[in-house]
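# Observations on the model geometry
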Amino acid sequence: MNNAVAVVFVATNERDELLCALESLDANPPKHPLQIVVVDNASTDGVCEAVRARWPAIPVVSQDWRQGLPTNLNRGIRATSAPFVLVCNPDLKFEPGSVDALADFLEATPRAGMAAPKLLSPAGDVRPSARRWYTVPALLALKTPWTPAETPAAVARSVYADWDYLEPRQVDWVPCPATLLRRSALAEVGPMDERFRLYFDDVDISLRMHLGGWEVWCVPGAEVVHFERRDSTRLLTRQWRWHLTSLSKFAWKYKGLGPPGVARS
């Protein structure tokens, strides 16, 4: 069974990054049929024209003004119909077989509501691809300077640093630069929460999957290179403030940092 996969990209002045991602899919077409849609978040860099010129069959949905990532993702999801939906950042390079590995896993695992790939840096290093629910010590450590050689214990635990990435693993939540959602599960738990402008929308959808009886997985057999900027870690930037705002919204929504009723310290 090769279910079709909708691929939803959201781009905000990220023309070159998006073209690279689309070219990586073009270079190694998956066996699962793709239904690609691009949501342009009021860009001014000509991303719409560039996509239409290179791939005229790919629909480009243009927003009239800047909106949050979940709002854009929901618009792209509504514009597609495939049973699986891959929600994507534009700053990606898909390794051969990555989309098929995720889709094959959902087909073989009926209670998997979402599955994320193993994320790689441009140099080929494994990046944290799954997370445990946040704790106060982990959040504090993430907002302070440290080097990879001196990773705080709370951070190491939160990113499954003890995992060898050899086999798929059920996890608490997955970051969403490229995550495959089962449309039927999404219909049950509800769309991306548009109250989050950026950040924590991935924690939120993962938690709602769990609460709805669905499983959240990371599948290392699928590899995706992520050219991440990590702007939220730089003190007092706009993205840093958005991260804190989204953290506050998430904590207020669930009265904590994880599943309701579970203490996190």
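On a predicted model such as this, the values are computed, not experimentally measured, just so you know. (Residues numbered from 1 in each chain as written. Predicted model: local features only at pLDDT ≥ 70, side-chain atom pairs only at ≥ 80, totals over all residues. Heavy atoms only, no water.)

### Section: the pattern of salt bridges
As a reminder of what qualifies: Criterion for a salt bridge: a side-chain nitrogen of Lys or Arg within 4 Å of a carboxyl oxygen of Asp or Glu. Helix and strand assignments come from DSSP, with helices taken as H or I runs of at least 4 residues and strands as E runs of at least 2, each series counted from the N terminus. Only protein chains enter the accessibility calculation, which uses a 1.4 Å probe; a residue is then buried when its area is under 20% of its type maximum, exposed when over 50%, and partly exposed in between.
Under the defined criterion, the tally for this structure stands at 10 salt bridges. Where Arg 54 meets Asp 26, a salt bridge forms, and the shortest distance between an N and an O atom there is 3.5 Å. Of this pair, Arg 54 sits in helix H2 (residues 47-54) while Asp 26 sits in helix H1 (residues 15-27), and the two are 28 residues apart along the sequence. A relative accessible area of 44% means that Arg 54 is categorised as partly exposed. Judged by relative accessible area, Asp 26 falls into the partly exposed class, the value being 38%. Salt-bridge contacts for Asp 193 lead to Arg 195; the nearest nitrogen and oxygen are separated by 2.8 Å. Residue classification places Asp 193 among the buried positions, given a relative accessible area of 10%. Three or more residues joined by partner-sharing salt bridges are found here, namely Asp 193, Arg 195, Asp 204, Arg 208 and Lys 253.

### With respect to the nonpolar core
Convention followed: Joining through side-chain atoms within 4.5 Å is the link that ties buried Ala, Val, Leu, Ile, Met, Phe, Trp, Tyr and Cys residues into a set, and such a set is a nonpolar core. Any two residues whose heavy atoms approach within 4.5 Å at even a single point are treated as in contact.
One finds Phe 9, Val 51, Leu 86 and Phe 94 to be the most contacted residues of the largest nonpolar core, which totals 37 residues. Excluding its chain neighbours within four sequence positions, the residues that come into contact with Phe 94 are Phe 9, Ala 21, Ser 24, Leu 25, Leu 86, Cys 88, Val 99, Ala 178, Glu 223 and Val 224. In this structure, Val 37, Leu 69, Leu 73 and Met 209 belong to the second largest nonpolar core, which totals 31 residues.

### Quick look at the packing of aromatic side chains
Threshold: Here the aromatic set is Phe, Tyr and Trp, taking the six-membered ring for Trp, and pairing holds for ring centres within 6.5 Å; pairs whose planes are under 30 degrees apart are stacked, those over 60 apart are edge-to-face, and all others are tilted. Two thresholds decide whether a charge sits over a ring: the Lys NZ or Arg CZ must be within 6 Å of the ring centre and within 35 degrees of the ring normal.
Counted according to the given criterion, the structure contains 7 aromatic pairs. Where Phe 200 meets Phe 250, the ring centres are 5.6 Å apart and the plane angle is 45 degrees; that geometry is what we call tilted. One end of the pair, Phe 200, is in the loop between helix H7 (183-189) and helix H8 (201-211); the other, Phe 250, is in helix H9 (residues 238-254), with 50 residues separating them in the sequence. Note on accessibility: Phe 200 and Phe 250 belong to one class, buried. Here the aromatic cluster, defined as three or more aromatic residues joined through ring pairs, consists of Tyr 134, Trp 173, Phe 200, Phe 250 and Tyr 254. Positioned over the ring face of Trp 214 is Arg 111, at 3.7 Å from the centre of the ring.

### Some details on unusual backbone geometry
Backbone phi values are negative for most residues with the exception of glycine, while trans is the configuration of most peptide bonds. One non-glycine residue, Tyr 165, lies in positive phi territory at about 60 degrees. The topology assignment puts Tyr 165 in the loop between helix H6 (153-158) and strand E8 (169-170). Assessed through its relative accessible area of 10%, Tyr 165 is described here as buried.

### A short note on the pairing of strand E6 (residues 112-120)
To keep it simple, the criterion reads: A strand pair is defined by DSSP finding two or more bridges across the two strands.
Most of E6 sits out of view: 9 of its 9 residues are buried. By the bridge criterion, 8 bridges tie E6 to strand E10 (residues 215-226) in an arrangement that is parallel. Across the sheet, Met 114 pairs through a bridge with Val 216, a residue of E10. Two elements, E6 and strand E7 (residues 126-127), share 2 bridges in a ladder whose sense is antiparallel. Its bridge partner being in E7, Leu 120 is matched across the sheet by Val 126.

### Regarding the environment of Val 159
Structurally, Val 159 can be placed in the loop between H6 and E8. Residues Val 159 and Ala 130 lie 29 residues apart in sequence; the distance between their C-alpha atoms is 6.1 Å. Every residue in contact with Val 159, bar those within four places of it in the chain, is listed here: Pro 128, Ala 130, Arg 131 and Tyr 165.

### As for the packing of H1 against H2
In plain terms, the rule: Whenever a helix is involved, its axis is fitted only over the stretch in contact; in every case the axis is a line through C-alpha atoms, and angles between N-to-C directions fall within 0 to 180 degrees. Roughly parallel here means an angle under 35 degrees, roughly antiparallel means over 145, roughly perpendicular means 65 to 115, and every remaining angle is called oblique. By convention, the crossing between two helices is left-handed when the near helix turns anticlockwise from the far helix through less than a right angle, and right-handed when the turn is clockwise. In this classification, Asp, Glu, Lys and Arg are treated as charged, Ala, Val, Leu, Ile, Met, Phe, Trp, Tyr, Cys and Pro as nonpolar, and every other residue, Gly included, as polar.
The N-to-C vectors of H1 and H2 enclose an angle of 20 degrees; their axes lie 10 Å apart at closest approach. By the angle between their directions, the pair H1 and H2 is classed as roughly parallel. Crossing handedness for the pair H1 and H2: right-handed. On the side of H1, the interface is formed by Arg 15, Leu 18, Leu 19, Leu 22 and Asp 26, while H2 contributes Val 47, Ala 50, Val 51 and Arg 54. Classifying every residue of the contact of H1 with H2 by side-chain character gives 6 nonpolar, no polar and 3 charged.

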